[in-house]
Amino acid sequence: MSRHADLDRRTFLKRVGAAGAGAVIASRLPAPDSASAQDATVKADPSARRGGTLRFGVHTAPAHFDVHQSGTVANIGAQSPMYDYLIRRDPRDGQTIIPDLAQRWEISPDGKKYTFHLRRGVKFHDGADFTAEDVKATYERIASPPKGVVIPRTPLFSAVTDIVALDPYRIEFRLKEARPRPFMLGAFASGWNIIVRKKTLEDNAGNLRQVMAYPGTGPFRHVSRKDKEVWIMERNPDYWNKGLPYVDRLEVYHMPPFSPELGSALLTGKLDYGRLLDPVSWRKAKETPGMTAAEFPQSVIQAVFINNKKAPLGDPRVRRAMHLALDRHALVDVVRDVAPMLVGGFVYPFHELSTPAAELVSKRLGYQKDTKAAVQEAKRLMAEAGHAGGIKNLTFLVRDAATFKLWSVAIQAMLKETLNIETNLRTVQISQWFEEAAAGNFDLGISAIVSTLMDPSDYFTAWYGKDGPQNYSNWTNPAFHDLASQIEREADDGRRKTMVRQAEEILEKDPPLLPVSYEKIYDAWHNKVRGQNPSTFFGIYDVVRWDTVWVTS
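The sections below set out a description of the structure shown in this document. What you see is a predicted model; the values in this text were computed from it and never measured. All chains use their own residue numbering, which begins from 1 and follows the written sequence. Per-residue local features are limited, in this predicted model, to residues with pLDDT of at least 70; the limit for side-chain atom pairs, both in listing and counting, is 80 or more; totals at the level of whole chains, interfaces and linings are taken over all residues. Just so you know, side-chain values use all the structure's heavy atoms and leave hydrogens and water out.

Numbering goes from the N terminus for both helices and strands, where a helix is a DSSP run of H or I of at least four residues and a strand is a run of E of at least two. Along the polypeptide, isoleucine 232 turns up in strand β9 (residues 230–235). Residue classification places isoleucine 232 among the buried positions, given a relative accessible area of 12%. In this structure, the C-alpha to C-alpha distance between isoleucine 232 and glycine 274, residues 42 residues apart in sequence, is 16 Å. Any two residues having at least one pair of non-hydrogen atoms within 4.5 Å are treated as being in contact. The residues touching isoleucine 232, leaving out its near neighbours within four places in the chain, are His222, Val223, Ser224, Arg249, Leu250 and Glu251. We call a residue buried when its accessible area falls under 20% of the maximum for its residue type, exposed when it is over 50%, and partly exposed in between, using a 1.4 Å probe and counting protein chains only.

Let us look at the packing of aromatic side chains. Centres within 6.5 Å make a pair out of two Phe, Tyr or Trp rings, where for Trp the six-membered ring is used; the pair is then stacked when the planes are under 30 degrees apart, edge-to-face when over 60, and tilted otherwise. For the structure on display, the rule yields 39 aromatic pairs. For the ring pair phenylalanine 305 and tyrosine 472, a centre distance of 5.5 Å and an interplane angle of 90° mean the geometry is edge-to-face. Of the two residues, phenylalanine 305 is situated in strand β12 (residues 291–306) and tyrosine 472 in the loop between α15 (456–462) and α16 (478–489); the sequence distance between them amounts to 167 residues. With a centroid separation of 6.0 Å and an interplanar angle of 80°, the aromatic rings of tryptophan 463 and tyrosine 464 are classed as edge-to-face. Each member of the pair, tryptophan 463 together with tyrosine 464, is buried. A network of ring pairs unites the aromatic residues Phe346, Tyr348, Phe350, Tyr459, Phe460, Trp463, Tyr464, Trp475, Phe480 and Tyr518 as a single cluster.

On the secondary structure map, alanine 40 appears in helix α2 (residues 34–40). Between the C-alpha atoms of alanine 40 and aspartate 100, which are 60 residues apart in sequence, the distance is 9.5 Å.

The next point concerns helix α8 (residues 279–287). Those residues of α8 that fall on the buried side of the exposure criterion are Pro279, Ser281, Trp282 and Ala285. Looking straight down α8, one finds its buried side chains confined to an arc of 160°; they lie on one side. Among the structural elements, α7 (260–267), β12 and β17 (513–526) are those in contact with the buried residues of α8. Residue aspartate 278 occupies the N-cap position of α8, its side-chain oxygen lying 3.2 Å from the main-chain nitrogen of valine 280. Starting at the helix axis, one direction is taken to each C-beta atom, and the arc is that of these directions. Any pair of N or O atoms that falls within 3.5 Å is considered a polar contact. Within protein, one atom must be able to donate a hydrogen and the other to accept it, and sequence-neighbouring residues count only if both atoms are side-chain atoms.

Let us look at empty space enclosed by the protein. Gaps left between atoms are located by rolling a probe of water-molecule size over the structure's atoms. The way it works is a 1 Å grid over only the protein atoms, where trapped points that fit a 1.4 Å probe form a cavity and open points with protein on both sides within 12 Å along at least five of seven lines form a pocket, and then any residue with an atom within 4 Å of a point lines it. Grid points are joined across faces, edges and corners, and a volume is the space filled by probe spheres set on the points. By the definition in use, this model includes three cavities of 30 Å³ or more. For the largest cavity, the calculated volume is near 60 Å³. Forming the walls of the largest cavity are Arg88, Pro91, Gln532, Val543, Val544, Arg545, Trp546, Asp547, Thr548 and Val549. Taken together, the residues that form the lining of the largest cavity break down as five nonpolar, two polar and three charged. When its volume is computed, the second largest cavity comes out at roughly 40 Å³. Every residue lining the second largest cavity is listed: Ser299, Thr452, Phe538, Gly539, Ile540, Tyr541 and Asp542. Gly is put with the polar residues, along with every residue not named as nonpolar or charged; the nonpolar set is Ala, Val, Leu, Ile, Met, Phe, Trp, Tyr, Cys and Pro, and the charged set is Asp, Glu, Lys and Arg.

Moving on: the nonpolar core. Nonpolar core, defined: a set of buried Ala, Val, Leu, Ile, Met, Phe, Trp, Tyr and Cys residues in which side-chain atoms within 4.5 Å join the residues together. Met322, Trp407, Ile411, Phe460, Tyr464 and Phe480 are the most contacted members of the largest nonpolar core, which has 117 residues in total. Per-element tally for this core: the top contributor is β12, with eight residues. When residues no more than four places from it in sequence are discounted, the contact partners of methionine 322 are Leu313, Leu415, Leu419, Ile421, Leu444 and Leu514. One finds Phe124, Val135, Phe188 and Tyr246 within the second-largest nonpolar core, a separate group that totals 47 residues.

To continue, consider the side chain of aspartate 542. Along the chain, aspartate 542 turns up in the loop between β18 (529–530) and β19 (550–551). Note on aspartate 542: relative accessible area 12%, which makes it buried. There is a polar contact of 2.8 Å between the side chain of aspartate 542 and the backbone nitrogen of glycine 191. With residues near it in sequence (within four places) discarded, aspartate 542 still touches Tyr85, Arg89, Ala189, Ser190, Gly191 and Thr452.

Okay, here's the thing in structure tokens:
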């Protein structure tokens, strides 16, 4: 890799470190009291221009329409403008937690009760009144999904025992034991946890995968959708937050992420705003007069899953050998003109609780640029496991995206050259990949998975937890699960940091997956788009409603 690329990486590490720390600090802001909560709600800006159309290009069309069951921006990027949350991340900074459908909240001194006071007079797009029963039905489904429904955010609410509608405009969440307040408030504020009608859930047996435009309370309402092309919405004239949104029409174009097509549509003015740009198009936008470009870290790990139920992949020595055989710097370089990526391990490399990224890439086997020591240890482990001659005929399930197709070929070569592990690539569409992975129809599988929060207590359960909704490797490690449970309950930051580092060591020795890299987000827009500054965000899943954005012409 060039010296210029090395300098870019060091600059980015500093930048995402600052952004990650900022997100943690913001999440610790105390909940507003009764008097200030209403004031913290986003208010209409009198200087904003009203009217017009915002044309937004984002991830390809969703495979289904159930936001709660989803883990991809293909859903949330297009659908979120139609919905609201109980509380939300402030779109002005992407971090601070502020009121939404709940105008204020209280937390009991023992941390076991969260009481939300709901807004009156809010209506769903079909004219129905919004009440606590809708919040109760929404969160009961998230916390305890019906049979056949899998929701990645379910582990966030594992401590919730009861959800009680005290009256039509007050709802109480009761916990069996306290959780750190920033963790719980972050869970409630997740952009995935849209509020839907109780009747909608009842009419569809708790499964919304095939229901295209179920009513929300959000700033925009459904007009039409052309599959795989565009989803059109209009301003909700009865929106409870008076004066918002500013634009009359929102057009969400479904485009392949990191693709030249997306970049070209933005650069030629067919789009006003592009998300998930490829690096080449992003650099062009950055250099174009009248355009702005931003980069920020993302809550996504790119990883190879290893089916622990298939011999000999259940052997930790084999999995660690494969982990050490990957040259992660080369893999990031392979996709440098396709998608922006960052080397990292099992914990977000820009989070204050993890091993610092600089230390990770300089001292730990498997992450160093010089791979000789890692390869030597990998071969030793394979011999110890009885596979010095390698392994043949492993099925490598590849998610159909440019990055994964490039990586799969490179990883196939690395495993063959270093450990004589032979794989057969099988590329499938995005929705099929998740179905095949969930069914265990693979030996290795490469994809990306999303966490809701930066806090390890989220993804330690969702990604690595026993029976976790995104634990596609079917991995179990009792020592890790016990430690993760302790981390989830620990309120002291110092003790949590020590335990997270201990958890990292377990994951390194007994890998549940092979981390490839972490994703950056490249956004760019024409300067006529105002009212949003994504450079301060963490991720793209919590601030996606477009209610505070306007266009100047």
